[in-house]
Amino acid sequence: MNDVKEPIIETEHLLLRPFRSEDALFFYINIASDHRVTKYLLWPPIQNMEEMELMVEQWIKDDQKPFSYRFAILEKNSFEVIGMINIVEIDYQSETMEIGYMLAHRKWNKGYMREGLKSVMAFLIQKVKVKGITARVFINNISSLRLLKHLGFQIVDQDTYDIQGRDEEICHLYLKV
């Protein structure tokens, strides 16, 4: 695999780039404090701006590590942060990466996440040279499952996890390159 630093991806409607400190406010307002968005995440909603600022600063530090990719998704017409796509886990032996993603609720069902994921997947396949991409999705997150299947992912197994104090069924999906 090839480690590509500071990648910037531009699509028809989106700009995907590494996070900056100033992104914390829009990320907090649009995503991290919204229960509708965090319902399907492994972490609870962020409680305040201070917590969000610390998290973004940690992301910026983490992104200096090899093969660490965390893209802020900006809408091109407003340059407002409306989401994130990131590498959650790397398996160096199989040369696969697990992706995670989230999008502001008011931007759901507009094709933005499909557009963003397709571009990040192309980056991972063509530039980083991964051999596969994986994802984990809550089984009752029908829209996300549908999106990943549309992008070519297949369910390989299912498991139950304790998420925020509740048992949740999660599907493991895989896209072979």
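A few points on the structure. All values reported here derive from a predicted model rather than from experimental measurement. (Residues numbered from 1 in each chain as written. Predicted model: local features only at pLDDT ≥ 70, side-chain atom pairs only at ≥ 80, totals over all residues. Heavy atoms only, no water.)

What about the packing of aromatic side chains?
- As enumerated under the stated definition, the model contains seven aromatic pairs in all.
- Geometrically, the ring pair formed by Tyr 69 and Phe 123 is edge-to-face, given 5.3 Å between the ring centres and 85° between the ring planes. Note that Tyr 69 is positioned in the loop between helix H3 (49–62) and strand S3 (70–75) and Phe 123 in helix H4 (residues 112–128), a separation of 54 residues in sequence. The exposure classification of Tyr 69 matches that of Phe 123, with both residues buried.
- An aromatic cluster is defined as three or more aromatic residues linked by ring pairs; in this entry it consists of Phe 19, Phe 27 and Trp 59. (Phe/Tyr/Trp six-rings, centres within 6.5 Å; stacked < 30°, edge-to-face > 60°. Helix = DSSP H or I, 4+ residues; strand = E, 2+ residues; numbered from the N terminus. Buried < 20%, exposed > 50% of the residue type's maximum accessible area, 1.4 Å probe, protein only.)

A short note on the side chain of Asp 23
- The topology assignment puts Asp 23 in the loop between strand S2 (14–18) and helix H1 (24–32).
- Exposure remark for Asp 23: the relative accessible area of 4% places this residue in the buried category.
- A polar contact of 2.8 Å, which involves the side chain of Asp 23, links it to the backbone nitrogen of Arg 20. (Polar contact = N/O pair within 3.5 Å; in protein donor to acceptor, adjacent residues only side chain to side chain.)

Looking at H1
- Among all positions of H1, only Ala 24, Phe 27, Tyr 28, Asn 30, Ile 31 and Ala 32 are buried.
- Elements in contact with the buried residues of H1: helix H2 (35–38), H3, strand S4 (81–91) and strand S5 (96–103). (Contact = heavy atoms within 4.5 Å.)

Digging into the nonpolar core
- In this structure, Tyr 69, Leu 117, Leu 124 and Phe 153 are the most contacted members of the largest nonpolar core, which totals 33 residues.
- Sort the elements by how many residues they give to this core and H4 lands first, with eight residues.
- Dropping the residues within four chain positions of it, Tyr 69 is found in contact with Asn 2, Asp 3, Val 4, Pro 7, Asp 63, Ile 85, Asn 86, Ile 87, Met 97, Phe 123, Leu 124 and Val 128. (Core = buried A, V, L, I, M, F, W, Y, C linked by side-chain atoms within 4.5 Å.)

Some points on the pattern of salt bridges
- Using the criterion set out here, one finds nine salt bridges in the structure.
- Where Lys 131 meets Glu 95, a salt bridge forms, and the shortest distance between an N and an O atom there is 3.6 Å. Here Lys 131 is found in the loop between H4 and strand S6 (132–138), whereas its partner Glu 95 is found in the loop between S4 and S5, with 36 residues between them in sequence.
- The class for Lys 131 is partly exposed, based on a relative accessible area of 48%. (Salt bridge = Lys/Arg side-chain N within 4 Å of Asp/Glu carboxyl O.)

What about H3?
- In this model H3 runs 20 Å from its N-terminal to its C-terminal C-alpha over 14 residues, within 8% of the 20 Å that 1.5 Å per residue would give.
- Taken residue by residue, H3 has Met 52, Val 56, Trp 59 and Asp 62 as its buried positions. The arc that holds every buried residue of H3, seen down its axis, measures 120°, which confines them to one face. Those residues of H3 that are exposed and angled more than 90 degrees off the buried face are Glu 50, Leu 54 and Lys 61.
- Of the surrounding elements, those touching the buried residues of H3 are H1, S3 and S4.
- The N-terminus of H3 is capped by Asn 48, whose side-chain oxygen sits 3.2 Å from the backbone nitrogen of Glu 50. (Expected span 1.5 Å × (residues − 1). Arc of directions from axis to C-beta.)

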